[in-house]
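In case you want the letters, here they are:
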Amino acid sequence: MSLRRRSAVALVASALLLSACGGGDSGDAGGGGVTVDWWHIGTAEPVKSVYEQWAKDFEDQNPGVKVKITAMENEAFKSKMTALTASGDVPHIFSTWGGGVLSQQAEAGLVTDLSQTGVADTLDTFTTAALSPYEIDGVPYGIPVDVGMVGFWYNKALFADAGVNEPPTTWDEFLDTVEKLKDSGTTPLALAGKEKWPGHYYWSYLAMRVAGLETLEAASESGDFGDPGFVEAGERLRDLAELEPFQNGFLGADYSTPQGQAAAVGGGKAAMELMGQWAPQVQVDTAGGIGDDLGFFPFPEVEGGRGSITEAFGGGNGFAMGAGAPPEAADFLNFISEVAQHGTFVEEGAGLPVMEETVDLVPDENMKAVAEALAEATGFQLYLDQAFPPAVGQQVNDSVAELLAGVATPEQVTEAITRAAQAEG
């Protein structure tokens, strides 16, 4: 039984008992009309306005159908959905990040297998990377609305000063780049060690590149992270840390403060950071940004590893459909997934595309580089703190932080994660 399945067991019985009072709602708005209850987290612009326009346009095209919107900030949404999931009463359509929580809801019978609905044909229009987080054991329980990935954001001018003409594509080339940057007097990498989650990106990517996605999935099923590939991932991260590539005081640094990780890169004080697609905006917000000197490259391939440079690590936003939702809910999911509707979402800068047809609509060149990498991705791994139960994801963060601080060995990292995973059973 997988980690995600184990964490769902306690929920299943009560949710199934009560599900008839929630997701099974007919959606009848009275007077012969139908109301589709849509909960989302798009409270900021431009997402808010795009979502509102989607609802209005759908209603105009479908007389008698009302889309009732409930918009919440992330944390309030998570809290409310936790309570609703436990009670078996979920909205017709609601935001999801996929992974462990969606798996719990699927186990409890609270969400719909979209391949058995009118959304089935639409599923084929999404890229592998975009749809992957919403597939539980191969079954699609959600659709993507945007997708992103973690990669290296770098300063082209500082690379040139160090004699590095092209971004590295292999781990050995990456370590060589780090040494050249140090020799030139530049801090190679910025890291928010205090917050821990940015550091786990390194171990997660190395685990993907060395052990491979299939091995990572097998570990999530068994709760055993003892594969030699995971230990090697820690060894390679330790090799990097021993080069002392991070800014002074990185263990006490935050991510988005004026003295944090993003500001170090956005202010030209460090050459690289490993971060998601939001990085350029945070760099601008905290330190003004570096303009045209900013570039992006994927996490390098590890020579001899089972993974590929075309496999991405990241996440996104999507929508699930509650069990028993009216057919109009599936119609709405199809509507917002049309190229015309999603194209507007992309053009407005609300998020990155989930289908190849809209990649060229991305207005920013750096974001387009991310979108192109995602469109060509041959595999995708959801952030571990979303893919795994919270306690396991937190253990990954904690153990990797200890490795980077030099107080844990690669073997101790995998042992601690295994203990946390097996405790979920």
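Anything mentioned here points back to the structure above.
Let me sum up the structure you'll find in this document. Everything quoted here is computed from the prediction, not taken from an experiment. (Residues numbered from 1 in each chain as written. Predicted model: local features only at pLDDT ≥ 70, side-chain atom pairs only at ≥ 80, totals over all residues. Heavy atoms only, no water.)

### Observations concerning the overall build of the protein chain
Next, step 1: Looking only at helices and strands, the protein chain features 18 helices and 13 strands.
Next, step 2: Burial analysis of the protein chain (425 residues in total) assigns 56% to the buried set.
Next, step 3: Taking as baseline every contact in the protein chain between residues at least 6 positions apart, the subset at least 24 positions apart corresponds to 76%.
Next, step 4: Total accessible area on the protein chain stands at roughly 16800 Å², and carbon and sulfur atoms take up 47% of it. (Helix = DSSP H or I, 4+ residues; strand = E, 2+ residues; numbered from the N terminus. Buried < 20%, exposed > 50% of the residue type's maximum accessible area, 1.4 Å probe, protein only. Contact = heavy atoms within 4.5 Å. Areas by Shrake-Rupley, 256 points an atom, 1.4 Å probe, with all protein chains shown as cover.)

### Let's talk about the pattern of salt bridges
Next, step 1: Within the structure shown, the criterion is met by nine salt bridges.
Next, step 2: Linking Lys180 and Asp176 is a salt bridge whose minimum nitrogen-to-oxygen distance equals 3.4 Å. Of this pair, Lys180 and Asp176 both sit in helix α7 (residues 171-183), four residues apart, which is roughly one turn of the helix.
Next, step 3: Relative accessible area serves as the criterion here: at 35%, Lys180 is assigned to the partly exposed category.
Next, step 4: Residue Asp254 pairs with Lys194 through a salt bridge whose shortest N-O separation is 3.9 Å. Here Asp254 is found in the loop between α10 (228-242) and α11 (261-266), whereas its partner Lys194 is found in the loop between β9 (187-189) and α8 (197-210), with 60 residues between them in sequence. (Salt bridge = Lys/Arg side-chain N within 4 Å of Asp/Glu carboxyl O.)

### Here we look at the nonpolar core
Next, step 1: In this structure, Tyr202, Trp203, Leu240 and Met272 are the most contacted members of the largest nonpolar core, which totals 111 residues.
Next, step 2: With eight residues, α8 is the largest single contributor of residues to this core.
Next, step 3: Ignoring any residue separated from it by four or fewer positions in sequence, one finds Leu240 in contact with Trp171, Phe174, Leu175, Val178, Leu189, Tyr202, Pro245 and Phe246.
Next, step 4: If you look at the next biggest cluster of nonpolar residues, it comprises 18 residues, including Phe77, Met81, Ala106 and Val111. (Core = buried A, V, L, I, M, F, W, Y, C linked by side-chain atoms within 4.5 Å.)

### Quick word on the packing of aromatic side chains
Next, step 1: Scanning the model with the defined rule gives 32 aromatic pairs in all.
Next, step 2: Ring plane angle 75° and centroid distance 5.1 Å describe the contact between Phe58 and Phe332, whose orientation is recorded as edge-to-face. On the criterion of sequence distance, the pair formed by Phe58 in helix α2 (residues 47-61) and Phe332 in helix α13 (residues 327-336) is long-range, its members being 274 residues apart. Of the two residues, Phe58 and Phe332, both sit in the buried class.
Next, step 3: A cation over a ring is seen here: Lys78 above Trp97, with NZ or CZ 5.4 Å from the ring centre. (Phe/Tyr/Trp six-rings, centres within 6.5 Å; stacked < 30°, edge-to-face > 60°. Lys NZ or Arg CZ within 6 Å of the ring centre and 35° of its normal.)

### Regarding the environment of Ala253
Next, step 1: Tracing the chain through its elements places Ala253 in the loop between α10 and α11.
Next, step 2: You can call Ala253 buried: its relative accessible area is 8%.
Next, step 3: Ala253 sits 62 residues away from Leu191 along the chain, and the two C-alpha atoms are 7.2 Å apart.

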